[in-house]
Each structure stands twice: as C-alpha cells, then as structure tokens.
Amino acid sequence: MHLIVKWFVPIFLAVVLLSGCGSATPQATPTPTRTPLPPATVTPQPTATSLPPTPTLTPTPVPLTEMTPFPPDVNPLTGQKVSDEKVLDRIPIAIKVSNSPEVRPQSGLSFADLVFEHYAEGGITRFTAVFYDLDPKQVGSVRSGRLIDLEIPRMYQALFAYSGSSAGVKNRIRNSPLFPDYIAAPDFGVGEPYFYRIPQEGKAFEHTLFTDPQVLRKLADQRGINKRPDYPRLMSFSETPPEGGQAVKYFEINYLKGVCTAEWTYDGAAASWLRATAGVNQTDALTGEPLAFENVVIVYANHVKTDILEDTWGGGHMSIQIQIWGTGPALIFRDGKMYQAFWHRDDPTHMLTFDNGSGVPVPLKPGHTWFQLVPLETTSEEFQDAMWRFTP
C-alpha cells in the first residue's frame, strides 16, 4: 500500500502546462455571475508542491463515432441509437431528487441519461436527473431546487420539476429565462397529477413526493414546449477509449464522510461503474438493480456561498452558487480508466463539453453519465493501487 496526498486541481493545471498542449490552455479561474447575486469571498487556491503520477494531456486525435449534428436516431445525451427516433421528438425532463439517507434507494435514477450530484448545504448532496429517451414510471423522492438548477435545465432545454425552493432561489427562478414555461413546482401552482405523495411509515413528509416524466410531458404539451431540442453544442462519444489514461478500479468523493460519500467501483463484465453511498451499494427502488453508469465525470467548479438562507437547522445554511460556466478541470472515468480533461460551457444554452486543452474532444463512452460536481480546492489521494479518494 502507498499513500500519495496531493492538491489535485492546481497540480493538474501544472501538468497540463508542462505537457505541451499548446498555448490555448484553459484556466480554472472564478468567473463572474450572469445573474445578480451577493458578493462572496473566493477561497485562495493551494500551491502545488509536486507532480502526481497521472498522465499528461496530449493533443492526440481519437476516432469519434458521433456526427455533428447527430443522426436523428441517436440520443445526443448518451450517444446511443434509439429503437424509434420519434422518442427524441420531445422535451427532456430534469427532476430534483433527494439524496438523504432516509430516501435511499431512490426511484428512477437508473433510467436517467444524466445525473448531476452537487452540494446542497451542510455537506449533504442532492441530484438533478435528466430523462430523455427512457421514462421510469416514478421518480423521487422529489425535493427542492437550488441555484445550480438555474443552469442545468437550460443546458438541455429541459422542463425542470422540483418541490419548491428557498425565497431567494425562488426569486431567481422567477426572474430566469426558464420561468414560467420550463418550471414545474408546487409553489408555482403545479400539483396533482404532476406530483403526488406516497406516504410511508417512519418516513418524514418531505420525503414522500414523487413525479412521472410521462405525465410532466403532458404539461409540456399544454405549454407548447414538448419538442425535440436543438443543441448548439454537443458532447463527443466513442466506443474506443482515448489513448493513455490511468487504470482505476475504485474511487470515492467524500462530500460528507459516512453520510454522503459517493463511491464508484468498475465492473469489467458490465463495462460500467457501480454506485455505492457511504459503504452501501445503491440500487434503483423500481428495479432492485444496482445503479450502473458508463461514465462518471468529476467536474471541478468554483463554489461560492451566497447570502440566501436555505434552512435554519444547526444554526442555518447558506445557498451555494456552483459556477459551471466558462471552463475548468475535469476527470473522466470510463472503461476502468481515468482521463484528464477540461470542461467548457461558453454560453448559458451550452451543455458541458470536454476536450484535452487543445481543442481535441475527450469522448465519453456511449451510455449514461453521472457528473460529480466538486469545489476547485478538492484534494486527491491514491490510497492503494488504482484506488482514489477525493475530498472536497
């Protein structure tokens, strides 16, 4: 066993600068807000002291299987063909899902094309799941939105369904381009049949709300927005992994150790990453099957605390603005390997895309993707061979 502790993001940037990727190396610096938010102090970044044994980025072209634009029978969120292209002639649905220990296993996550996991507050994480070509009969439990949800639905031209929000977040949603057509929430008058309660003994009331993407699309029909998205930027997909990469069989992100530790183990037979949370294998309540995703992407982004009060328990917690615009470092996990990359989002309507720092796309494996959003100052350690720990 060996232990190597390192400040990952600054070192990653140093490695890229040393790798000869060209002069267009992106910088992972804080970017200004697009909507008025209270000023916040950005934590200074630590200084790198040594280089980790991770591969350097080189502008090596990779064979891509996608076309730009995608063929009409290829899902642009997964890079996979669908049996009937008409299924893509509709709006994606983004749903806010709880990650409280009381609600696990959640319903419907294995059907999501994309899942974003992010800090809510108090060290707890929450999910925004995007559903396009597959529709589970039930998704939840549904919880309240956060500032990050001003961004994700716009990336994918999705209807956003959630159960409410703090006064400050609600005000920003009301004044965003999403409102009113792309917003579905009880506090804006959208209730049954779009949202419904499933009471369970011993489960708090706030954990009993669920929804159904098919029913939400009926609401989109009524609003005249149920149509195929026209994405200005697209992710790249390839069945063939990029060259290089570092073998990884397990990694974890310690958002809140013992409660919200996101754990991923590579299953070579399934060619997927299997999810566990705080030592417990995570399944889908609808199927009983493990959560398995072809790609897991760690997205490093600036996290800024605002003066929006989210709750009052434990002395209160302030809302976090996660600045997923501009560019920053990323780690892509696919096919049992870890690849360094940069994420880009240059316009509010762009989805996250990934390249090697010289404009060469770093492709995802065709399939479903789980995004782990972490602060820029997140540290990393390879605590055993091919086993990594990331600590925000």
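Computed from a predicted model, the values in this text were never measured in an experiment. Position labels on residues start from 1 in each chain and follow its written sequence. Given that this is a predicted model, residues contribute local features only at a pLDDT of at least 70 and side-chain atom pairs are listed and counted only at 80 or more, while totals for whole chains, interfaces and linings are drawn from all residues. The side-chain numbers reported here are obtained from all heavy atoms of the structure, hydrogens and water having been left aside.

Enquirer: Would you take a moment to explain the sheet that holds strand 9 (residues 209–211) for this structure?
Expert: As a general point, the strands of a sheet are linked pairwise by backbone hydrogen bonds and lie either parallel or antiparallel. When DSSP finds at least two bridges between two strands, those strands are taken to pair. Numbering of helices and strands runs from the N terminus; a helix is a DSSP stretch of H or I covering at least four residues, while a strand is a stretch of E covering at least two. Taken in spatial order, the three strands make up an open sheet running 5-9-8, and their pairing is antiparallel. Two strands lie at the open edges of the sheet, namely strand 5 (139–140) and strand 8 (195–197), each paired on one side alone. Pairing of strand 5 with strand 9 involves two bridges; the strand directions are antiparallel. What sits directly across from glycine 140, in strand 9, is phenylalanine 210.

Enquirer: Mind showing me how you'd approach helix 3 (residues 167–174) here?
Expert: Owing to its 3.6 residues per turn, the α-helix aligns residues three or four sequence positions apart on the same side. Accessible area is worked out with a 1.4 Å probe on protein chains only. A residue is then buried under 20% of its type maximum, exposed over 50%, and partly exposed in between. Taken residue by residue, helix 3 has Gly168, Val169, Arg172 and Ile173 as its buried positions. Down the axis of helix 3, the smallest arc covering the buried residues is 135 degrees, so these residues share one side. The inward-facing, buried residues of helix 3 abut strand 7 (183–184), strand 16 (295–311) and strand 17 (317–323). Summarising the geometry, the arc corresponds to the directions from the helix axis toward the C-beta atoms. Note on definitions: a residue-residue contact is assigned when non-hydrogen atoms from the two residues lie within 4.5 Å.

Enquirer: Explanation requested: the layout of surface pockets in the structure shown.
Expert: Points on a 1 Å grid over protein atoms alone make up a cavity when a 1.4 Å probe fits among them but cannot get out, and a pocket when they form an open set with protein on both sides within 12 Å along at least five of seven lines; lining residues each have an atom within 4 Å of a point. Grid points are joined across faces, edges and corners, and a volume is the space filled by probe spheres set on the points. The calculated volume of the largest pocket comes to roughly 450 Å³. In terms of lining residues, the largest pocket is bounded by 26 residues, among which Pro69, Phe70, Tyr231, Arg233 and Leu234 are the most central. Among the elements that line the lining of the largest pocket, the one with the most residues is strand 20 (residues 353–355), at three residues. Residues are sorted three ways: Asp, Glu, Lys and Arg are charged, Ala, Val, Leu, Ile, Met, Phe, Trp, Tyr, Cys and Pro are nonpolar, and all the rest, Gly among them, are polar. Its residues assigned to classes, the lining of the largest pocket comprises 16 nonpolar, five polar and five charged.

Enquirer: Honestly, the side chain of threonine 78 in this entry has me stumped. Any pointers?
Expert: Here threonine 78 lies in the loop between helix 1 (8–18) and strand 2 (93–98). By relative accessible area, threonine 78 is classed as buried at 0%. Any N or O atom pair separated by 3.5 Å or less is treated as a polar contact, with the protein-specific requirement of one donor-capable and one acceptor-capable atom, and with residues adjacent in sequence counted only for side-chain atom pairs. There is a polar contact of 3.2 Å between the side chain of threonine 78 and the backbone nitrogen of glutamine 80. Non-local contacts of threonine 78, meaning those with residues more than four positions away in its chain, are made with Asp113, Phe237, Lys365, Pro366, Gly367 and His368.

Enquirer: Hey, could you run me through the pattern of salt bridges in this one?
Expert: Pairing is possible between side chains that carry opposite charge, provided their charged atoms lie close to one another. A pairing counts as a salt bridge when a side-chain nitrogen of Lys or Arg comes within 4 Å of a carboxyl oxygen of Asp or Glu. For the coordinates displayed, the defined rule picks out 13 salt bridges. For the salt bridge of lysine 96 with aspartate 149, the shortest nitrogen-to-oxygen distance reads 2.8 Å. Separated by 53 residues along the polypeptide, lysine 96 in strand 2 and aspartate 149 in the loop between strand 5 and helix 2 (152–156) bring together distant segments of the chain. Taking relative accessible area as the criterion, lysine 96 reaches 0% and is therefore assigned buried.

Enquirer: Help me understand the environment of serine 176, please; the structure alone is not making it clear to me.
Expert: Structurally, the position occupied by serine 176 is in the loop between helix 3 and strand 7. When its relative accessible area of 11% is taken as the criterion, serine 176 is described as buried.

Enquirer: Can you help me understand the nonpolar core in this one?
Expert: Within soluble globular proteins, side chains that are nonpolar tend to cluster in buried spots. Buried Ala, Val, Leu, Ile, Met, Phe, Trp, Tyr and Cys residues form a nonpolar core when they are joined through side-chain atoms within 4.5 Å. With 94 residues, the main nonpolar core has Tyr156, Phe251, Phe333 and Phe390 as its most contacted residues. Residues in contact with phenylalanine 251, not counting those within four places in the same chain, are Ala262, Glu263, Trp264, Trp273, Val296, Ile298, Phe333, Trp388 and Phe390.

Enquirer: So what exactly am I meant to see when it comes to the environment of glycine 336 here?
Expert: Mapped onto the secondary structure, glycine 336 falls in the loop between strand 18 (326–334) and strand 19 (337–345). With 90 residues separating them in the primary sequence, glycine 336 and glutamine 246 have C-alpha atoms 8.4 Å apart. Those residues within four positions of glycine 336 in sequence are excluded, and the remaining contacts are Gln246, Ala247, Val248, Tyr266 and Trp273.

Enquirer: What am I meant to see in helix 4 (residues 213–223) here?
Expert: Taken together, the buried positions of helix 4 are Pro213, Val215, Leu216, Arg217, Leu219 and Ala220. Structurally, helix 4 contributes buried residues whose contacts are with strand 2, strand 4 (125–131), strand 5, strand 6 (159–161), strand 7 and strand 9. Between the side-chain oxygen at the start of helix 4 and the backbone nitrogen of glutamine 214 there is a gap of 2.8 Å, and the oxygen is on aspartate 212. Directly after helix 4, the chain includes glycine 224, whose backbone phi takes a positive value near 75 degrees.

Enquirer: Teacher, can you tell me more about the packing of aromatic side chains here?
Expert: The description of an aromatic ring pair rests on the distance of the ring centres and on the angle between the ring planes. Pairing of aromatic side chains here covers Phe, Tyr and the six-membered ring of Trp, requires ring centres within 6.5 Å, and sorts the geometry by plane angle: under 30 degrees stacked, over 60 edge-to-face, intermediate tilted. Considering all chains together, one arrives at 19 aromatic pairs under this definition. Note on phenylalanine 251 and phenylalanine 333: the rings are 3.8 Å apart at their centroids and 15 degrees apart in plane angle, and the pair reads as stacked. Of this pair, phenylalanine 251 sits in strand 11 (residues 250–256) while phenylalanine 333 sits in strand 18; the two residues are 82 residues apart in sequence, bridging distant segments of the chain. Considered together, phenylalanine 251 and phenylalanine 333 belong to a single accessibility category, that of buried residues. Ring-pair connections join several aromatic residues into one group, and the members of that group are Phe251, Tyr266, Trp273, Phe333, Trp388 and Phe390. By the criterion adopted, a ring carries a charge over it if an Arg CZ or a Lys NZ lies within 6 Å of its centre and within 35 degrees of its normal. One residue, arginine 197, lies across the ring of phenylalanine 205, its end atom 3.9 Å from the ring centre.

Enquirer: Help me out: how do you make sense of unusual backbone geometry in this one?
Expert: Outside of glycine, negative phi angles account for most residues, and trans bonds account for most peptide bonds. Going from arginine 104 to proline 105, the amide bond is cis rather than trans, its omega being 0 degrees. Tracing the backbone shows proline 105 in the loop between strand 2 and strand 3 (114–119). In this model, alanine 271 sits at a positive phi of 55 degrees, which is unusual for a non-glycine residue. The residue alanine 271 is located in the loop between strand 12 (260–267) and strand 13 (272–277) in this model. One non-glycine residue with positive phi stands out, namely aspartate 335, at about 55 degrees. Along the chain, aspartate 335 turns up in the loop between strand 18 and strand 19.

Enquirer: How should I be thinking about the confidence of the model for the protein in this particular structure?
Expert: In regions of low pLDDT, the predicted coordinates are not meant to be interpreted in detail. With 82% of its residues at a pLDDT of 70 or more, the protein shows a mean pLDDT of 85. The quantity known as pLDDT measures the predictor's confidence residue by residue, on a range of 0 to 100. Predicted confidence for residues 1–11 stays below pLDDT 50, and this span has 42 contacts to residues more than four positions away or in other chains. Within the model, pLDDT remains below 50 along residues 13–67, and this stretch shows 113 contacts once partners closer than five positions in the same chain are excluded.

Enquirer: What is the right way to look at the pairing of strand 3 in this model?
Expert: Burial analysis of strand 3 places six of its six residues in the buried class, the great majority of the element. The pairing of strand 3 with strand 4 spans six bridges and is classified as antiparallel. Bridging across to strand 4, glutamate 117 finds its partner in phenylalanine 127. Hairpin remark: strand 3 followed by strand 4, antiparallel, with five residues in the connecting loop; positive phi at glycine 122, about 70 degrees. Of the strand pairs in this sheet, strand 3 and strand 21 (residues 369–375) are connected by four bridges, and their pairing is parallel. Note that in strand 21 the partner of phenylalanine 116 across the bridge is phenylalanine 371.

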